[in-house]
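Observations on the three-dimensional arrangement
Chain residues, written in single-letter form:
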Amino acid sequence: NEFINLQLPVLKSGMYQNSGYGNQIKAMQHLLISNGFDCGPYGADGSFGASTLKAVKAFQKSAGMGQDGICGIKTWNKLLGN
């Protein structure tokens, strides 16, 4: 699992589909949605906009983490159930 986590990008607000991180953002959004967090009307669209930022912060709060809205290694680990 550690090797996989080293491959995960740091995702933050303002990253859009044309950034090259669209697939990773979609994966994060799917995980957020499956955990009950709303990523906005377009769901897992690969765009890290305001609704996804709100969902990441809400997830981080529910997980007892700092709420910076950035999906780094610690947030990925929690999303992946680690």
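The shown structure was predicted, so the numbers you read here are calculated from the model rather than taken from an experiment.

**Concerning helix H3 (residues 50-62)**
Between its first and last C-alpha, H3 extends 18 Å over 13 residues, near the 18 Å set by a 1.5 Å rise per residue. Taken together, the buried positions of H3 are occupied by Thr52, Ala55, Val56, Phe59 and Gln60. Relative to the axis of H3, the buried residues are bounded by an arc of 135° and lie together on one face. Turned more than 90 degrees away from the buried face of H3 sit Ala50, Lys54, Lys61 and Ser62, all of them exposed. The elements touched by buried residues of H3 are helix H2 (22-34) and helix H4 (73-79). Once H3 ends, the next one or two residues include Gly64, with phi positive near 75°.

**A few points about H2**
Taking 1.5 Å per residue, 13 residues should reach 18 Å; H2 reaches 18 Å between its end C-alpha atoms and fits that length. Of the residues making up H2, those classed as buried are Gly22, Ile25, Met28, Gln29 and Leu32. Projected down its long axis, H2 shows its buried positions confined to an angular sector of 125°, all on one face. Exposed side chains of H2 directed beyond 90 degrees from the buried face belong to Asn23 and Ser34. On its buried face, H2 is in contact with H3 and H4. A positive phi of about 95° marks Gly36, the residue just after H2.

Rules used throughout
Residues numbered from 1 in each chain as written. Predicted model: local features only at pLDDT ≥ 70, side-chain atom pairs only at ≥ 80, totals over all residues. Heavy atoms only, no water. Helix = DSSP H or I, 4+ residues; strand = E, 2+ residues; numbered from the N terminus. Expected span 1.5 Å × (residues − 1). Buried < 20%, exposed > 50% of the residue type's maximum accessible area, 1.4 Å probe, protein only. Arc of directions from axis to C-beta. Contact = heavy atoms within 4.5 Å.

Honestly, that's just the spatial picture; any functional story needs more than this.
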